[in-house]
Amino acid sequence: MALSGMRGLSVFISDVRNCPNKEQERLRVDKELGKIRTRFKQEKALTAYEKKKYVWKMLYIYMLGYDVDFGHMEAVSLISAPKYPEKQVGYIVTSCLLNENHDFLRLAINTVRCDIIGNNETFQCLALTLVGNIGGREFAEALAPDVQKLLISSSCRPLVRKKAALCLLRLFRKNPDVVNVDGWSDRMSQLLDERDLGVLTASMSLLVALVSNSHEAYWSSLPKCVKILERIARNQDIPQEYTYYGIPSPWLQVKTMRALQYFPTIEDPNTRRSLFEVLQRILMGTDVVKNVNKNNASHAVLFEALALVMHLDAEKEMMSQCVALLGKFIAVREPNIRYLGLENMTRMLMVTDVQDIIKRYQAQIITSLKDPDISIRRRALDLLYGMCDFSNAKDIVEELLQYLSSADFAMREELSLKAAILAEKFAPDLSWYIDVILQLIDKAGDFVSDDIWFRVVQFVTNNEDLQPYAALKAREYLDKSAIHETMLKVSAYILGEYSHLLARRPGCSPKEIFSIIHEKLPAVSTSTIPLLLSTYVKILMHSQPPDPELVRQIWAVFSKYESCIDAETQQRAIEYHALSMKGAALMDVLAEMPKFPERQSILIKKAEAAEADTAEQSAIKLRAQQQTSNALVLTDQSPANGAAPENKLGLVKIPTISEEPTTSERAAHTNGALTIVDPQPTSVPSPDVLGDLLGPLAIEDSSGAVPHSDRTISSDADESKNGDAFAVTPVEPSLTIQPIVNIAERFHALCLKDSGVLYEDPHIQIGIKAEWRVHQGRLVLFLGNKNTAPLTSVKALLLPPSHLKMELSLVPEIIPPRAQVQCPLEIINLHPSRELAVLDFSYLFGINANVNLRLPAVLNKFLQPITLTAEEFFPQWRSLPGPPLKLQEVVRGVKLMPLGEMANLFNSLHLMVCSGLDPNSNNLIACTTFFSEKTRAMLCLIRIETDPADRTQLRMTVASGDPTLTFELKEFIKEQLVYIPVGPVPASSAPIPPSQTAIPTSLASDPGALLAALL
């Protein structure tokens, strides 16, 4: 690629490198792009040399990170040039600038095919390289037969055949139908007889892809793979250029062993024996050396061999040898090798008869918990969790509790959950279980979920022999000067129920227990106070005959909280106060809690719901998991042991599955009407609520879901009652499935908060949980099947507006019965706008149903409130001139609300009301920061001037540094303040006052026309 002859290109590169700053570089690049654009418009006057030079310049500019949105046609046209220098430039630049979906690539298909079937090997290599990098389905359909002929041709040089194998691999991944399984079985077997290692390595990559799709047709390739390993192991006929630090072709060894893992077993005894001899040689010949590159290569081969040994379920002697080798690795100083040793030892736990051998290294594994590298500590924790059983549970749990005090905060939640699960599964007796859980809560209270102490309460309630011991331990922990609130909860509950069993012990009288609990009441949160009130009334019930002083103290507490602002606390205080005056009847009303029904532990259920990635049964299963949908399915019945899900919202890298909709398409999707496409008779499932179905995995705030009879929507009238500015009245279809929540209310609620139910009908519940950070949003859709039968043909199509970049993970076509699917969604705000995204959701349950739902990715989600002082506010306010950066409007038809309620509305919209800035007490000033990719962080200032004599109108001024943002924010705030009637206006015999305007019925369904009519 000689560029020395292109003086203009060399001068341009020198100019860019000599630019003193980024701004100067941008100016130089823009100047050059303008020059290139002008020259391309005069294409007839361009020589081949000039076109080649300008295309090189475009590639260099693109490599610097600048957008090059023109000149693609000129680059593609160079592919058809007859000379090598121009053709080379065309292929290289096209590969870099275009992707497989670009329209211009279709113009080059015939030229590329001519180069592939031609006799010029250089041109063949250029064409195969292009297709191997950016070839798509159209290339696969047009070129696959020609590429296959090149691959199996005996007259082609190995260089061309190697590129043909990798090119065919790319085409197969884009369209598996291009490789005929029946015809390629024998050809693939013949390719494995190739003596050239370059062609053989490329062919092995192709074989891995083929057998991962269907291994049945390629059984004839299995013995050939074993022979390849034998040849490499004996270092027979291996050229020096394929020997890497003394290791013969490590890449080919790894790919061959990976291909063998896709075959379920090896039936031929001779082939099996030969393979195990090779594996034995690999296991025996790998050691840790000082050379890092050699270490990396040898251990890549070794760990692939270990995966193959586990997959083939080798003899116990070889398994023991593998464990011994891994045990040596977890003791070395190199952290990468220690990590891989721990990870592979965890996978070996799934192999039978090796767990006892792994237990020999328990001390070394526990030592790894103190490693400086947190990834190694996590793998050690996973391994200890997997190898625990009744024989070593005490030792492991005690080590985990000891390690808990010094563990990183990032690990404590997972560590606490695993320790609690192990204590429950392998407890030698229940008293030991109580001791472990109480220690766990004492050491890591902030990281202990409520499910853990709920489970303790269940055990204590269901085992009468355990109740005195649990009450005594709870009393001992209360003597500490400072205990965690979770410890106070569990201690208060247990003592409230069973403190009377300790009445004869010193310091355990009802009055003393009440005093020690009550002295900790001022430090607890509001949610804990109702539980303590329940404990007080239980203590009062058990103190017979009642102690007058104790009764007086407890009644004083009840009286204090009868006026509490928290509804739950107030209700309990009033009810307990009234009940405590009933004397002997109190014993019957507040009797001891009955035993809980026997059920599977919620902790174990959570652990089984998501299998840890370190516990796969083989490398095949690992790769199969990587190829499945990004949606996470959580069901009631999931096998295997593993870590519980962390229930945190993370950013997921997922493909975009929908194209930009047209304006008419977006306008056609209204929210809230679920259309029955193919109405058929269907049975109504039992009204089993999703909260009980999904337990702690259910969406927060399901308060919107009320009994069907109360909230059934038979028309759009209920939505019209809502003054929601977002709610657009949908056109009522002829047949609908009735939602059991008010969809407009749920959408409006989710516009003001980040989690809740978006939609629910008798068959499915769709919830949302979101996290917003500056101009990015991380959102999860929860799709819950409420039936005992699966939902099929599930589809979710995202219709994003132009200002949002949205990526939704693949949604599985089937949602299992009584299961919940989580579908991550990533949102990036490009520029300010009030347009809404629409989710087109459909499923089949006896009938085909479809619903269009608006997603609450609204303008205020990208606002971050900020507080400004007078010294900061007024210079900013004065620096912004009039329109379009500062817009003022008199808004009429404002919803009647006090000034304080308006301030609360602004705060809920992330508009921080700054008190004291405006001397007029009837005015509001609010500040916020808007984030988008275009504006970055943009300060926004709002001033609201109200008229005490007429609250239905106000003057609003909005200012920011971006004219589009100013207008959109002004209109957004106005939508929140103005009441827009979305139903037909009833007829009235009274005359219309002069200050009002009659709204025609024809405009009732058009919010824009209604707003214009009001203003």
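Keep in mind that this is a model prediction, so the values were computed, not measured. (Residues numbered from 1 in each chain as written. Predicted model: local features only at pLDDT ≥ 70, side-chain atom pairs only at ≥ 80, totals over all residues. Heavy atoms only, no water.)

Novice: Looking at this model, I keep getting lost on the overall build of the protein. Mind explaining?
Specialist: Tallying secondary structure elements over the protein gives 42 helices and 18 strands in all. Residues counted as buried form 52% of the 1015 residues belonging to the protein. Considering only contacts in the protein between residues 6 or more positions apart, those separated by 24 or more positions represent 70%. On the protein, roughly 46,800 Å² of surface is accessible, and the fraction owed to carbon and sulfur atoms is 52%. (Helix = DSSP H or I, 4+ residues; strand = E, 2+ residues; numbered from the N terminus. Buried < 20%, exposed > 50% of the residue type's maximum accessible area, 1.4 Å probe, protein only. Contact = heavy atoms within 4.5 Å. Areas by Shrake-Rupley, 256 points an atom, 1.4 Å probe, with all protein chains shown as cover.)

Novice: Sorry if this is basic, but what is going on with the nonpolar core here?
Specialist: For soluble globular proteins, the rule of thumb is that nonpolar side chains tend to be buried together. Formed by 214 residues in total, the largest nonpolar core has its most connected members in Val112, Ile365, Ile517 and Tyr536. Among the elements that line this core, the one with the most residues is helix α11 (residues 197-213), at 10 residues. The residues touching Ile517, leaving out its near neighbours within four places in the chain, are Leu478, Leu488, Ala492, Leu495, Leu532, Thr535, Tyr536 and Ile539. In terms of nonpolar packing, the next biggest core, distinct from the first, is built from 66 residues, Ile737, Leu779, Leu899 and Leu954 among them. (Core = buried A, V, L, I, M, F, W, Y, C linked by side-chain atoms within 4.5 Å.)

Novice: Honestly, a negative patch on the surface in this entry has me stumped. Any pointers?
Specialist: On the surface, Asp313, Glu315, Glu317 and Asp353 cluster together into a patch of negative charge. Relative to the helices and strands, Asp313 resides in the loop between α15 (292-312) and α16 (316-329). Owing to a relative accessible area of 46%, Asp313 belongs among the partly exposed residues under this scheme. (Patch = residues over 30% accessible without salt bridge, like charges linked within 9 Å, V, L, I, M, F, W, Y side chains within 5 Å. Salt bridge = Lys/Arg side-chain N within 4 Å of Asp/Glu carboxyl O. Lys, Arg positive; Asp, Glu negative; His and termini not counted. Charge placed at Lys NZ, Arg CZ, Asp CG, Glu CD.)

Novice: I keep staring at unusual backbone geometry and nothing clicks. Help me out?
Specialist: Most peptide bonds take the trans configuration, and most residues that are not glycine carry a negative phi. Look at the link from Pro883 to Pro884: it is a cis peptide, with omega at 5 degrees. When you line up the elements, Pro884 lands in the loop between α39 (870-879) and β14 (886-892). The backbone of Ser249 shows a phi angle near 40 degrees, a positive value even though the residue is not glycine. Among the structural elements, Ser249 can be located in the loop between β2 (247-248) and α13 (250-260). Ser249 gets classed as buried once you look at its relative accessible area, which sits at 1%. Positioned with a positive phi, His910 is a non-glycine residue whose angle comes to about 70 degrees. Here His910 is to be found in the loop between α40 (899-908) and β15 (912-913).

Novice: Help me understand the packing of helix α23 (residues 430-443) against helix α24 (residues 450-462) in this model?
Specialist: In a pair of packed helices, the angle between the axes and the distance between the axes together describe the arrangement. Close contact between α23 and α24 brings their axes to 11 Å; oriented N to C, the two are set at 155 degrees. It follows that α23 is roughly antiparallel to α24 by the angle criterion. Relative to α24, the crossing made by α23 is left-handed. In this structure, α23 uses Leu430, Tyr433, Ile434, Ile437, Leu440 and Ile441 to contact α24, whose residues at the interface are Ile452, Trp453, Arg455, Val456, Phe459 and Val460. For the contact of α23 with α24, the residue count by class is 11 nonpolar, no polar and 1 charged. (Axes fitted to C-alpha atoms, helices over the stretch in contact; angles between N-to-C directions. Parallel < 35°, antiparallel > 145°, perpendicular 65-115°, else oblique. Left-handed = near helix turned anticlockwise from the far one by under 90°. Nonpolar A, V, L, I, M, F, W, Y, C, P; charged D, E, K, R; others polar.)

Novice: What exactly am I supposed to notice about the pattern of salt bridges here?
Specialist: Side chains carrying opposite charge are able to pair once their charged atoms draw close together. Going through the model one piece at a time under the given rule, you end up with 47 salt bridges. Residue Arg157 is joined to Glu121 by a salt bridge in which the shortest nitrogen-to-oxygen separation is 3.2 Å. Residue Arg157 is located in the loop between α8 (137-152) and α9 (158-174), and its partner Glu121 is located in helix α7 (residues 121-134); the two are separated by 36 residues in the primary sequence. The partner of Lys974 in a salt bridge is Glu971, and the shortest N-O contact between them spans 3.3 Å. Residue Lys974 and its partner Glu971 are located together in helix α41 (residues 963-977), separated by 3 residues, close to a single helical turn. Take Lys974 and Glu971: they sit in the same class, and that class is buried. Three or more residues are tied together by salt bridges with common partners; here these are Arg378, Arg379, Asp382, Glu414 and Lys418.

Novice: Whenever I open this one, the packing of aromatic side chains confuses me. Can you help?
Specialist: Centre distance and the angle of the planes are the two values used to describe a pair of aromatic rings. Enumeration over the complete set of coordinates arrives at 17 aromatic pairs. For the ring pair Trp219 and Phe263, a centre distance of 5.3 Å and an interplane angle of 50 degrees mean the geometry is tilted. Of this pair, Trp219 sits in the loop between α11 and α12 (221-233) while Phe263 sits in the loop between α13 and α14 (269-285); the two residues are 44 residues apart in sequence, bridging distant segments of the chain. Above the plane of the ring of Phe409 lies Arg412, whose end atom (NZ or CZ) is 4.6 Å from the centre. A cation sits over an aromatic face here: Lys418 above Tyr385, 5.2 Å from the ring centre. (Phe/Tyr/Trp six-rings, centres within 6.5 Å; stacked < 30°, edge-to-face > 60°. Lys NZ or Arg CZ within 6 Å of the ring centre and 35° of its normal.)

Novice: Which parts of the structure should I look at to understand the packing of α15 against helix α17 (residues 335-348)?
Specialist: Put simply, α15 and α17 touch, their axes get as near as 11 Å, and they point 5 degrees apart. Considered as vectors, α15 and α17 are oriented roughly parallel to each other. Of the residues in α17, those in contact with His299, Phe303 and Met310 of α15 are Ile337, Leu340, Gly341, Asn344, Arg347 and Met348. When the residues that make up the contact of α15 with α17 are grouped by side-chain class, the tally is 5 nonpolar, 3 polar and 1 charged.

Novice: I'm lost on the side chain of Ser203 in this one. Help?
Specialist: By the element assignment, Ser203 lies in helix α11. Owing to a relative accessible area of 0%, Ser203 belongs among the buried residues under this scheme. A polar contact of 2.8 Å, which involves the side chain of Ser203, links it to the backbone oxygen of Val199. (Polar contact = N/O pair within 3.5 Å; in protein donor to acceptor, adjacent residues only side chain to side chain.)

Novice: Would you mind showing me how to read the pairing of strand β12 (residues 848-855) here?
Specialist: By the criterion of burial, β12 is predominantly enclosed, with 6 of the 8 residues buried. Once strand β11 (residues 837-844) ends, the chain turns through 3 residues before running back antiparallel as β12, passing Gly846 with a positive phi of about 80 degrees. (Pairing = 2+ DSSP bridges.)

Novice: I tried to follow the environment of Ile866 on my own but got confused; where do I start?
Specialist: Summarising the element assignment, Ile866 is placed in the loop between β13 (863-865) and α39. With relative accessibility at 29%, the residue Ile866 sits in the partly exposed group. Separated by 44 residues in sequence, Ile866 and His910 have C-alpha atoms that sit 8.7 Å apart. If we skip the residues at most four places from it in the chain, Ile866 touches Met912, Cys914, Cys927, Thr928, Thr929 and Leu939.

Novice: What should I look at first to understand the environment of Thr788 in this one?
Specialist: Looking at where Thr788 falls in the secondary structure, it is placed in the loop between β7 (776-785) and β8 (792-799). Sequence spacing of Thr788 and His763 is 25 residues, and the spatial spacing of their C-alpha atoms is 9.8 Å. If we ignore the near neighbours within four places in the chain, the residues touching Thr788 are Pro817 and Arg818.

Novice: Would you take a moment to explain helix α22 (residues 409-425) for this structure?
Specialist: An α-helical turn contains 3.6 residues, so a residue and the one three or four places further along point in the same direction. When the terminal C-alpha atoms of α22 are compared, their 25 Å separation across 17 residues agrees well with the 24 Å that a helix rising 1.5 Å per residue should span. With respect to burial, α22 is a largely interior element, 13 of its 17 residues being buried. (Expected span 1.5 Å × (residues − 1).)

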